[in-house]
Amino acid sequence: MELLGKVALVTGGASGIGVGICKKLAEKGAKVVVNYVGETYEEKAKSLVQELRGSGNDAIWTSGDVTKQTHVEHMINSTIDHYGKLDILVNNAGITIDGLTQNLGVEDFSKVLSVNLVGPFLTMKLALPHMIANKFGRIINISSVAALFGLRGAPAYAASKSGLIGLSKTTAREVARKGITVNVICPGYINAGMTERVEQEYLDSMTPLIPMGKFGEPEDIGGGVVYLASDEAKFVTGEVIRIDGGIAM
Ligand SMILES: NC(=O)c1ccc[n+]([C@@H]2O[C@H](COP(=O)([O-])OP(=O)(O)OC[C@H]3O[C@@H](n4cnc5c(N)ncnc54)[C@H](O)[C@@H]3O)[C@@H](O)[C@H]2O)c1
């Protein structure tokens, strides 16, 4: 139980990879705050919290859109009000709106940047004062292998995820002497969330490109988050870890 007593906030934690992250954190003893946005995800967040509580873990849900400063304030304040601190922040919320560069509308481009890049900026901006006061923090930002090698038809997504790496390394440098680490995980193709909304034909065409010959599971990303949040990773910051079955090596 290497995260016993730690408090973790996971954005977009109610679905896909977020569920794997929440479950792994809880398994290791962390108290988990599941963030969600919108009615569709409210039920998912509540049932995940009930499931975690049912296995003897401590968990709550908090609503909030990561692109809105007042919402982020609410989700961080409700974490602090309930648990007294925030140790681990996982920026998992993300979207994509696809289209070739010459076709994608500028509003759609901005919308993706807003969730995938402005969101993590806002959550870090508002979480850091608490972490600095507490002299402890673990921030883990979920990027993508698309940040490393580009992704045809997803210019906004790839740009936002590359930007997240630059943002993470910058923040990591800023807080490195304050007991806070900031690291990035780049998942490859995972059997959950976004890939469930992609045509099977496309997914089948991707499998042979993965050296391990298969997609990963949400818990594989959760395992990486646990490592980066744990004491084992106390000297690791500004790092970018691929969890991708080898596709971007
Ligand atoms: N599934 C994959 O293969 C894969 C691969 C690489 C990276 N990722 C990344 O993993 C993360 C999770 O994606 P997923 O595949 O589980 O998809 P998902 O759609 O299940 O999860 C995304 C979550 O973000 C939430 N969200 C969206 N906009 C939000 C906002 N404005 N405020 C708060 N929450 C918001 C959604 O409600 C959802 O719960 C994303 O950052 C994604 O880019 C996924």
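What counts and how
Residues numbered from 1 in each chain as written. Predicted model: local features only at pLDDT ≥ 70, side-chain atom pairs only at ≥ 80, totals over all residues. Core = buried A, V, L, I, M, F, W, Y, C linked by C-beta atoms within 7 Å. Buried ≥ 20, exposed ≤ 12 C-beta atoms within 10 Å, placed from the backbone. Helix = DSSP H or I, 4+ residues; strand = E, 2+ residues; numbered from the N terminus. Contact = placed C-beta atoms within 7 Å. Pairing = 2+ DSSP bridges. Right-handed = clockwise from strand over helix to strand, strands pointing away. Expected span 1.5 Å × (residues − 1). Near = placed C-beta within 6 Å. Nonpolar A, V, L, I, M, F, W, Y, C, P; charged D, E, K, R; others polar.

Bringing the nonpolar core into the picture now. Judged by nonpolar contacts, the single largest core of 70 residues is most densely connected at Ala8, Cys22, Leu25, Val32, Val34 and Val225. No other element matches the eight residues that helix α4 (residues 106–134) contributes to this core. Each residue touching Ala8, except ones within four places of it in the same chain, is listed here: Leu25, Ala30, Val32, Val33, Asp87, Ile88, Val90 and Ala229.

Pairing of strand β2 (residues 31–36) with strand β3 (residues 59–63), which is carried by five bridges, proceeds in the parallel orientation. Across the sheet, Val34 pairs through a bridge with Trp61, a residue of β3. Remark: the β2/helix α2 (residues 39–54)/β3 crossover connection has right-handed handedness.

This part takes up helix α6 (residues 155–175). In an α-helix, one turn spans 3.6 residues; hence positions three or four apart end up facing the same way. End to end, α6 covers 30 Å across 21 residues, agreeing with the expected 30 Å (1.5 Å per residue, within 8%). Looking at α6, one finds that the buried residues are Pro155, Ala156, Tyr157, Ala158, Ala159, Ser160, Lys161, Leu164, Leu167, Ser168, Thr171 and Ala172.

Positive phi is not limited to glycine here, since Lys135 has a value of about 55°. Note on placement: Lys135 falls in the loop between α4 and β5 (137–142). The class of Lys135 is exposed, set by 9 C-beta atoms lying within 10 Å.

Here we take up the site of the ligand. The local shell around the ligand holds 26 residues, among which Gly12, Gly16, Ala93, Gly94 and Gly193 are the closest. By residue number, the principal contributor to the shell around the ligand is helix α1 (residues 16–27), which donates three residues. Here the shell around the ligand is built from residues that sort into 14 nonpolar, eleven polar and one charged.

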